[in-house]
Amino acid sequence: MRGEWLTEPDIEVRLIHGKEAKFLKAPDGQIMLVWNEEVYPVGKILRAFPISDPWRYLFVYDTDDNEIGLVLDIRELDETSQKVVREELERRYRMPRITRILQVERLSQTGHTRWQVETEEGIKEFVVPGSEHIYTARYPRIFLVDEQGNRYEIPNFERLDPRSRRIAIQYL
């Protein structure tokens, strides 16, 4: 049997149980899932509930973006697998805090915006594909998502220095 299926009308999800699965990291950094005598190269691991339940309900996708299955709880996995999955989730959901905005420019060929910012981790430059990737619903807290899916946070737009606010306001 290739994994247990949880079935709802029009929805089928394969459950990845810890006793049947092992996540490993290859020397090149590629995460592999060994599950039911098959090996899957993992493209990404996503949280279904990133804020309220970050270590449960983890969707696993292959490198072609096909869903492999769902890990109900990371604690079901062995220690090595937990470490691999936790590191991947922490990398994916890492969110540098923007402390200053140095420059924003609209790219004429695409309409995307290139941001040069100062974060707690140093100066970063990234491209935001469109206004739908700038989240202001929790203003003054603002989230930006770049082309690679990396997230950046402005904890409080009102507390940025006046120059930073002036540079960014027309793009929010």
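Everything numeric in this text was worked out from a predicted model, so none of it was measured.

Trainee: How should the sheet that holds strand S13 (residues 151–154) be read in this particular structure?
Mentor: Adjacent strands of a sheet form backbone hydrogen bonds with each other and so pair up, either parallel or antiparallel. The 3 strands lie next to each other as S11-S12-S13, forming an open sheet whose pairing is antiparallel. Sheet topology places strand S11 (134–135) and S13 at the edges, where each strand pairs with a single neighbour. Strand direction decides the pairing type here: strand S12 (residues 142–145) and S13, joined by 4 bridges, are antiparallel. Considered in S13, the bridge of Phe 143 is made with Glu 153.

Trainee: Help me understand the pairing of strand S5 (residues 38–47) in this model?
Mentor: Strand residues, when the strand is regular, have side chains that alternate between the two faces of the sheet. Across 5 bridges, strand S4 (residues 31–35) lies against S5 in antiparallel orientation. What sits directly across from Trp 35, in S5, is Glu 38. Taken together, the 5 bridges between S5 and strand S6 (residues 56–62) define a ladder with antiparallel strand orientation. Each bridged residue has a counterpart across the sheet, and for Val 42 the counterpart in S6 is Asp 62.

Trainee: Can you walk me through the pattern of salt bridges in this structure?
Mentor: Opposite charge on two side chains allows them to pair when their charged atoms are near. The tally for this structure, following the rule as stated, stands at 15 salt bridges. Ionic pairing is found between Lys 25 and Glu 87, a salt bridge with its closest N-O pair at 3.9 Å. Of the two residues, Lys 25 is situated in strand S3 (residues 21–25) and Glu 87 in helix H1 (residues 79–93); the sequence distance between them amounts to 62 residues. Owing to a relative accessible area of 44%, Lys 25 belongs among the partly exposed residues under this scheme. A salt bridge links Glu 87 to Lys 83, with the shortest nitrogen-to-oxygen separation between them at 2.7 Å. With a gap of 4 residues between them, Glu 87 and Lys 83 both fall in helix H1, about one helical turn apart. Looking at Glu 87, the relative accessible area reads 34%, which means it is partly exposed. Look at Lys 83 and you get exposed, because its relative accessible area is 52%. Shared partners join several salt bridges into a network, and the residues in it are Asp 53, Arg 56, Asp 73 and Arg 75.

Trainee: Can you help me understand H1 in this one?
Mentor: Over its 15 residues, H1 runs 21 Å from end to end, which matches the ideal 21 Å to within 8%, given 1.5 Å per residue. Where H1 is buried, its residues contact S3, S4, S5, S6 and S13. Backbone nitrogen of Thr 80 and a side-chain oxygen of the N-cap are separated by 3.0 Å at the start of H1; the cap is Asp 78.

Trainee: Just checking my understanding: could you explain the packing of aromatic side chains for this structure?
Mentor: The description of an aromatic ring pair rests on the distance of the ring centres and on the angle between the ring planes. Inspection of every chain in the model, using the stated rule, returns 5 aromatic pairs. Taking the centre distance of 3.9 Å and the plane angle of 5° together, the rings of Phe 126 and Tyr 152 count as stacked. Residue Phe 126 is found in strand S10 (residues 122–128), and its partner Tyr 152 is found in strand S13; the two are separated by 26 residues along the sequence. The pair formed by Phe 126 and Tyr 152 is uniform in burial state, with each residue classed as buried. Ring geometry for Tyr 139 and Phe 157: centres 6.1 Å apart, planes at 50°, overall tilted. Of this pair, Tyr 139 sits in the loop between S11 and S12 while Phe 157 sits in the loop between S13 and helix H2 (162–168), and the two are 18 residues apart along the sequence. Over the ring of Tyr 61 we find Lys 44; its NZ or CZ atom is 5.2 Å from the centre of that ring. The ring of Trp 55 has Arg 86 sitting right over it, with the charged end atom 4.4 Å from the ring centre.

Cut-offs used in this document
Residues numbered from 1 in each chain as written. Predicted model: local features only at pLDDT ≥ 70, side-chain atom pairs only at ≥ 80, totals over all residues. Heavy atoms only, no water. Pairing = 2+ DSSP bridges. Helix = DSSP H or I, 4+ residues; strand = E, 2+ residues; numbered from the N terminus. Salt bridge = Lys/Arg side-chain N within 4 Å of Asp/Glu carboxyl O. Buried < 20%, exposed > 50% of the residue type's maximum accessible area, 1.4 Å probe, protein only. Expected span 1.5 Å × (residues − 1). Contact = heavy atoms within 4.5 Å. Polar contact = N/O pair within 3.5 Å; in protein donor to acceptor, adjacent residues only side chain to side chain. Phe/Tyr/Trp six-rings, centres within 6.5 Å; stacked < 30°, edge-to-face > 60°. Lys NZ or Arg CZ within 6 Å of the ring centre and 35° of its normal.

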